[in-house]
Amino acid sequence: MAWVCQICNGMASYVVKCSDCGEQMEARGAIQDYFDDYSPYLSRDITKKADGVEHNRCVHLFYCVGCASDKRVTINEILM
Ligand SMILES: [Zn+2]
Ligand SMILES: [Zn+2]
């Protein structure tokens, strides 16, 4: 048994609408994959979560092409 993120494993897709313009946001992957680019901008709190302090959560980055903003969405992992 292990905690699995369904989005990371391609078992489910997650649709997020931009709260500013209503455009469907593009999934850009788990935040861990972007650590090299984003870590300077992350708050200490988010960095701690992404480091796996809570093992049943996976933080994903979504990007809006409509207004070029991005958003972090916390995905609950499932036990498999
Ligand atoms: Zn994930
Ligand atoms: Zn937008």
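Everything numeric here is computed off the predicted structure, so don't read it as measured data.

As for its position among the elements, His-60 is in strand S3 (residues 57-64). Residue classification places His-60 among the buried residues on the basis of a relative accessible area of 3%. Those residues in contact with His-60 that lie beyond four places of it in its chain are Cys-5, Ile-7, Cys-8, Gly-29, Ala-30, Ile-31, Lys-71, Arg-72, Val-73 and Ile-75.

Here we come to the pairing of strand S4 (residues 69-76). With 8 bridges joining them, S3 and S4 adopt antiparallel strand pairing. Of the residues in S4, the one forming a bridge with Phe-62 is Lys-71. Between S3 and S4, which follow one another and run antiparallel, lie 4 residues, and Ala-68 among them has a positive phi close to 55°.

With that out of the way, let us pick up the coordination of the zinc ion (ligand 2). Looking at the zinc ion (ligand 2), the protein donor atoms are Cys-18 (SG), Cys-21 (SG), Cys-64 (SG) and Cys-67 (SG), and they sit 2.3 Å from it. Viewed at the metal, the 4 donor atoms of the zinc ion (ligand 2) are separated by angles of 98 to 126°, and the geometry they form is tetrahedral. In this structure Cys-18 comes out as buried when scored by relative accessible area, which is 6%. When its relative accessible area of 39% is taken as the criterion, Cys-21 is described as partly exposed.

Taken together, Cys-5 (SG), Cys-8 (SG), Cys-58 (SG) and His-60 (NE2) make up the protein donors of the zinc ion (ligand 1), found 2.0 to 2.3 Å from the metal. Here the donor residues of the zinc ion (ligand 1) share one chain and are spaced in sequence as C-x2-C-x49-C-x1-H. Look at Cys-5 and you get buried, because its relative accessible area is 4%.

As a further point, take the pattern of salt bridges. Under the criterion given, the structure shown has 1 salt bridge. Two residues, Glu-26 and Arg-28, come together in a salt bridge whose shortest N-O distance is 3.1 Å. Its relative accessible area of 33% is what places Arg-28 among the partly exposed residues.

As a further point, take the confidence of the model for the protein. Of the residues in the protein, 70% have a pLDDT of 70 or more, and the chain-wide mean is 78. No element of the protein has a lower mean pLDDT than helix H1 (residues 35-38), at 50, and none a higher one than S3, at 90.

Conventions we followed
Residues numbered from 1 in each chain as written. Chains lettered and ligands numbered in written order. Predicted model: local features only at pLDDT ≥ 70, side-chain atom pairs only at ≥ 80, totals over all residues. Heavy atoms only, no water. Helix = DSSP H or I, 4+ residues; strand = E, 2+ residues; numbered from the N terminus. Buried < 20%, exposed > 50% of the residue type's maximum accessible area, 1.4 Å probe, protein only. Contact = heavy atoms within 4.5 Å. Pairing = 2+ DSSP bridges. Donors = N, O, S within 2.8 Å, 3.2 Å for Na, K, Ca; no water. Tetrahedral: all angles 85-135°; square planar, octahedral: opposite > 155°, others 65-115°. Salt bridge = Lys/Arg side-chain N within 4 Å of Asp/Glu carboxyl O. pLDDT = per-residue confidence, 0-100.

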